[in-house]
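Topology and contacts: notes
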Amino acid sequence: MSQEEYYKKIEKKIKEWEEIYAKHKERPEKFETYSGIPVKPLYTPLDVKDKDYLKDIGFPGLPPFTRGVYPTMYRGRFWTIRLFSGHGTPEETNKRWKFLYDHGETGFSAAVDALTFNGIDPDDPRADLEVGTAGVPLYCIDSMFALTDGLPIDKISVALVVEPFSSAPICAMYFNMAQMKGYEIKSLMGTCQNDICTQTIGYVPYKNVAPPHLLRLACDLIEWCTAQKNVPKWHPINFTTYNYREGGIDAVQEIGFGFANAIAHIDNLIERGWTVDDFVNRLAFHLSASKDFFEEIAKYRAARRIWYKLMKDKYGAKDPRSFQFRFHIQTAGSSLTQQQPLVNVIRTAYQALEAVLGGCQSMHTNSYDEALCLPSEEAVLIALRTQQVIQDEIRVCNTIDPLAGSYYVEWLTDELEERIWNYLGKIESAGGVVKALESGWLYREMRDAFKKRQSRIESGEEKVIGVNRYVMEEEVFENVFRTNPEAAKIEIERIKKLKARRDNRKLEEILDKLRKVCEREENVLPVVMEATREGATVGEICDIYREIFKVWEPPIVV
Amino acid sequence: MAGPIRVLMSKPGIDGHWRGIVVVSRGLRDAGMEVIFGGFQTCEQIVETAIEEDVDMIGLSIHSGAHIGYTKRVVDLLKEKGLNGHFLLLVGGAIPSKDFEVLKEIGAANVYGPGSLIKDIVAFIKEHVKK
């Protein structure tokens, strides 16, 4: 029997089966993915019959990378367990890092407070109440020494969760600290987010500069670290689609935003005279593991394939490493509820499993108390153990990409790929990411997504246990983690000491040099390295950006 | 006084989590209220705007963990002006339920944490603003 005849036979059988199925009742539900893709009751070989295994699926570590970026994947090495943490002061965050490291964490990640995010120092009266409340304040080189004290930063990678407005000074402080401790920065491993979209639509920026300047600052870091090989092992950018996804955009939009964002950066660096192979292999992504189990897995597989095609066809990359779409995962904070908080452990575990079945390189799992407060030690330990159970107990890592060949997953991977290409085209028609930010187009997309998700929850279409399903009377959650109320006082003291110690006249000269560099739109990194080494604060450097580039008000629409 | 209920929606401080304030502002507008979108404002600006715009309600959206400090600051400024209780004050954001009572003691009429529904917020405002 030929393949064609065999498919005809299946087709006939499907029709028979469909007639039987039609005689039964379905639950009254709209069967679709969260991004609105209609889902059939059954998938069969016919749904994937046009697929060419060698061309479309292939092998791990080989084009088109659908099955994973490395040949061995988790049989060679597990993903990095990297829990996003930061609170109070650098010293307290250091303590939390040590706690996690002692219990098996394999990568560090610093969540910064709203001041550090926005390039504001802790002695600024506009933000006195927010020092250390939603992350760790990191605004001078002394903060970096305190943050990493006693930790093996030459062996374990560090993620600095900072965005383009303040990423240059904060990374520079980190690099300087490492050099002063005697490490070669050429061998430093780590990453920073440095994502213009996180800065502008993931959060709303407070007194930042306009997107074209943010893009240039982000690219300065990529150029200096990677293309110019000053910190070649550093990932100078993580396109953090997680942060925009959290607002309520869907899986298709998430990857569309992320790739449009990457394109803007790649184009900027090509304009500077670099070739794509000079820097692309160090660009990384930070995606969400959200609520739709199979759709998320298909998303990771589709994203790897799209990235490969983009690099090969659009940019003509040659270095095989340029084709590898590597990503960190954060389980979806927006899926967690304040109601019945222990249920969050279950949600997070399923999302973590998605990420592993989807082939992530590193992961943060949320703590069950994160809809209430920053995580307590007790809660964060469960989040850590959630990943360790997957690594050590359930044997899902025995084989690579175990869902490949599933009619549904392969079909969904193709479906997502097509929809992502279309959405990417839509962003490009809106002028690309930078124009779409300035015109407000991306803000409208976000606003519409916020609204859609809320109305789905209000109507019960999106079921949320504890919110619109199985609601029950509950006791007040008592074990609320509180950040150090003295943090502002401690940090103001630190900044006073720093300013008394440093050579303020010398620093003024360096900052003047920075003004000129900004005016000429040259790479800020060399002078920012010099300034932070001499004790310049993040606020002082960002104030120069504000002075030269001017403050930008984002076109938010309600 | 006739006319729609007027509300001021603001984010005291500099934290940029914006989904909450946008979703609620939009929801209140869809429910027929007139929304003045303050965005980022200092506590002083919030009180000034509320007076100038003659609003019925002030909504504070706080996700930074500093909800007690900011709410207290707004209420203290209202007290200084002899306007405590003049506006219906609602606070929302990433706020643990344990702090709801604390915020109410400070002067919030109600508090909305994650998982709150717009219809409940609208119903509460309509019940408490007499127009």
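Everything numeric in this text was worked out from a predicted model, so none of it was measured. (Residues numbered from 1 in each chain as written. Chains lettered and ligands numbered in written order. Predicted model: local features only at pLDDT ≥ 70, side-chain atom pairs only at ≥ 80, totals over all residues. Heavy atoms only, no water.)

What follows deals with the overall build of chain A. Along its length, chain A carries 20 helices and 11 strands. Against the globule reference of 24 Å for 558 residues, chain A gives a C-alpha radius of gyration of 24 Å, in line with a compact fold. Oriented by its inertia axes, the alpha-carbon framework of chain A measures out at about 85 × 60 × 45 Å. Burial analysis of chain A (558 residues in total) assigns 61% to the buried set. Sequence separation of at least 24 residues holds for 79% of the intrachain contacts in chain A that already meet a minimum separation of 6. By element, 53% of the accessible surface of chain A is carried by carbon and sulfur atoms, the whole surface being about 22,400 Å². A distance of 3 Å separates the average location of the 73 positive side-chain charges in chain A from that of its 83 negative side-chain charges. (Helix = DSSP H or I, 4+ residues; strand = E, 2+ residues; numbered from the N terminus. Rg over C-alpha atoms; globule rule 2.2 N^0.38 Å. Buried < 20%, exposed > 50% of the residue type's maximum accessible area, 1.4 Å probe, protein only. Contact = heavy atoms within 4.5 Å. Areas by Shrake-Rupley, 256 points an atom, 1.4 Å probe, with all protein chains shown as cover. Lys, Arg positive; Asp, Glu negative; His and termini not counted. Charge placed at Lys NZ, Arg CZ, Asp CG, Glu CD.)

This part covers the packing of helix H10 (residues 251-271) of chain A against helix H11 (residues 293-314) of chain A. Residues and elements named next belong to chain A. Look at H10 against H11: their axes get within 11 Å of each other, and the N-to-C directions meet at 25°. The angle between H10 and H11 places the two elements in the roughly parallel class. In this structure, H10 meets H11 at a crossing whose hand is right-handed. Contacts between H10 and H11 pair Ala251, Glu254, Ile255, Phe259, Ala262, Ile263 and Ile266 from the former with Glu295, Glu296, Lys299, Ala303, Ile306, Trp307, Leu310, Met311 and Lys314 from the latter. Broken down by class, the residue content of the contact of H10 with H11 amounts to 11 nonpolar, no polar and 5 charged. (Axes fitted to C-alpha atoms, helices over the stretch in contact; angles between N-to-C directions. Parallel < 35°, antiparallel > 145°, perpendicular 65-115°, else oblique. Left-handed = near helix turned anticlockwise from the far one by under 90°. Nonpolar A, V, L, I, M, F, W, Y, C, P; charged D, E, K, R; others polar.)

All names here are of chain B. With parallel pairing, the 5 strands of this open sheet are ordered in space as S2-S1-S3-S4-S5. Here the strands that pair on one side only, and so sit at the sheet edges, are strand S2 (34-41) and strand S5 (110-112). Between one strand and the next, the sheet's axes are offset by a mean angle of 20°, whatever the strand orientation. When strand S1 (residues 6-12) meets strand S3 (residues 57-62), the two strands line up parallel, connected through 4 bridges. Looking across to S3, one finds that valine 7 is bridged to methionine 57. Those strands touched by helix H3 (residues 67-80) are S1, S3 and strand S4 (88-93), and its axis lies near 155° from that of S3. (Pairing = 2+ DSSP bridges.)

The next subject is the sheet that holds strand S7 (residues 237-239) of chain A. Two modes of strand pairing occur in sheets, parallel and antiparallel, and in both the strands are linked by backbone hydrogen bonds. All names here are of chain A. Taken in spatial order, the 9 strands of this open sheet run S6-S4-S3-S2-S1-S10-S9-S8-S7, and their pairing is parallel. Only two strands of the sheet have a single partner each, and these edge strands are strand S6 (234-235) and S7. Pairing of S7 with strand S8 (residues 283-289), which is carried by 3 bridges, proceeds in the parallel orientation. For phenylalanine 239, the partnering residue across the bridge sits in S8 and is phenylalanine 285. Where H10 meets the sheet, its contacts fall on S7 and S8, and the angle it forms with S8 comes to roughly 165°.

The next subject is the interface of chain A and chain B. At the interface, 42 residues of chain A touch 35 residues of chain B. In total, about 3,300 Å² of surface goes out of reach between chain A and chain B, with carbon and sulfur atoms giving 61% of it. As a salt-bridge pair, Glu478(A) and Lys98(B) come within 3.3 Å of each other at their nearest N and O atoms. Where chain A meets chain B, there are 16 residue pairs in polar contact (both at pLDDT 80 or more). For the side of chain A that touches chain B, the secondary structure elements donating two or more residues are helix H4 (114-117), helix H7 (196-202) and helix H16 (441-459) of chain A. It is H16(A) that provides the largest number of residues to the side of chain A that touches chain B, a total of 9 residues. Across the side of chain A that touches chain B, the residue classes break down as 24 nonpolar, 8 polar and 10 charged. (Buried area = accessible area lost by both parts, 1.4 Å probe. Salt bridge = Lys/Arg side-chain N within 4 Å of Asp/Glu carboxyl O. Polar contact = N/O pair within 3.5 Å; in protein donor to acceptor, adjacent residues only side chain to side chain.)

Below, the discussion takes up the nonpolar core. Core analysis: the biggest nonpolar cluster contains 172 residues, and Leu160(A), Phe175(A), Tyr545(A) and Leu28(B) have the highest contact counts within it. If sequence neighbours within four positions are ignored, Tyr545(A) has contacts with Phe165(A), Ala168(A), Pro169(A), Val209(A), Leu217(A), Cys518(A), Val524(A), Val528(A) and Lys550(A). Judged by nonpolar contacts, the second largest core, of 26 residues, contains Ile36(B), Val47(B), Ile58(B) and Ile62(B). (Core = buried A, V, L, I, M, F, W, Y, C linked by side-chain atoms within 4.5 Å.)

Residue and element names in this part refer to chain A. Counted by the stated rule, this structure contains 51 salt bridges over all chains. For lysine 299, the salt bridge goes to glutamate 296, with nearest N and O atoms at 2.6 Å. Here lysine 299 and its partner glutamate 296 are both found in helix H11, 3 residues apart, which amounts to about one turn of the helix.

Let us now look at a negative patch on the surface. Residues and elements named next belong to chain B. Together, Glu44, Glu48, Glu52 and Glu80 make up a negatively charged patch on the protein surface. The element that contributes the greatest number of residues to the negative patch is helix H2 (residues 43-52), accounting for 3 residues. Checked against the element boundaries, glutamate 48 lands in helix H2. Classification of glutamate 48 by relative accessible area gives partly exposed; the value is 44%. (Patch = residues over 30% accessible without salt bridge, like charges linked within 9 Å, V, L, I, M, F, W, Y side chains within 5 Å.)

All right, on to a nonpolar patch on the surface then. Residues and elements named next belong to chain A. Together, Tyr53, Leu54, Phe59 and Leu62 give the surface a local cluster of nonpolar side chains, amounting to about 410 Å² of exposed area. You can see leucine 62 is positioned in the loop between helix H2 (53-57) and strand S1 (80-85). The class for leucine 62 is partly exposed, based on a relative accessible area of 47%.

Here the focus is the pairing of strand S2 (residues 107-111) of chain A. All names here are of chain A. Extensive coverage of S2 is indicated by the burial of 5 of its 5 residues. Because side chains alternate across S2, one face comprises the buried residues Gly107, Ser109 and Ala111, and the other comprises Phe108 and Ala110, equally buried. Between the parallel elements S1 and S2, the chain passes through helix H3 (residues 90-102) in a crossover that is right-handed. Inspection of the sheet shows S2 paired to strand S3 (residues 158-161) by 4 bridges, in the parallel sense. Residue pairing across strands places alanine 110 opposite leucine 160, the latter belonging to S3. (Right-handed = clockwise from strand over helix to strand, strands pointing away.)

A word on helix H14 (residues 407-429) of chain A. For H14(A), spanning 23 residues, the distance from its first C-alpha to its last is 33 Å, which sits close to the expected 33 Å at 1.5 Å a residue. Downstream of H14(A) by a residue or two, Gly431(A) has a phi angle that is positive, lying close to 105°. (Expected span 1.5 Å × (residues − 1).)

On to the packing of aromatic side chains, then. Residues and elements named next belong to chain A. Under the criterion given, the structure shown has 34 aromatic pairs over all chains. Look at phenylalanine 259 and phenylalanine 285: their rings are 5.5 Å apart centre to centre, the planes differ by 85°, and that puts the pair in the edge-to-face class. Of this pair, phenylalanine 259 sits in helix H10 while phenylalanine 285 is found in strand S8, placing the two residues 26 residues apart along the sequence. In this structure, phenylalanine 259 and phenylalanine 285 share a single accessibility class: buried. (Phe/Tyr/Trp six-rings, centres within 6.5 Å; stacked < 30°, edge-to-face > 60°.)

Among the secondary structure elements, Lys11(B) is positioned in strand S1. Setting aside residues no more than four positions away along its own chain, Lys11(B) makes contact with Gly16(B), His17(B), Ile21(B), Gly39(B), Phe40(B), Gln41(B), Ser61(B) and His63(B).

Take the packing of helix H18 (residues 504-519) of chain A against helix H20 (residues 538-549) of chain A next. All names here are of chain A. It is the contact of H18 with H20, at a shortest axis distance of 10 Å, that shows an interaxial angle of 40°. Comparing their axes, H20 and H18 come out oblique. In the crossing of H18 with H20, the sense of the turn from one axis to the other is right-handed. Contacts between H18 and H20 involve Leu507, Leu511, Leu514, Arg515, Cys518 and Glu519 from the former and Glu540, Ile541, Ile544, Tyr545, Glu547, Ile548 and Phe549 from the latter. Looking at side-chain class alone, the contact of H18 with H20 contains 9 nonpolar, no polar and 4 charged residues.

All names here are of chain A. Of the consecutive residues proline 63 and proline 64, the connecting peptide bond is found in the cis state with omega at 0°. Turning to its location among the elements, proline 64 is positioned in the loop between H2 and S1. Unlike most non-glycine residues, arginine 395 shows phi in positive territory, near 60°. Of note, arginine 395 is situated in the loop between helix H13 (377-392) and H14. Judged by its relative accessible area of 65%, arginine 395 is exposed.

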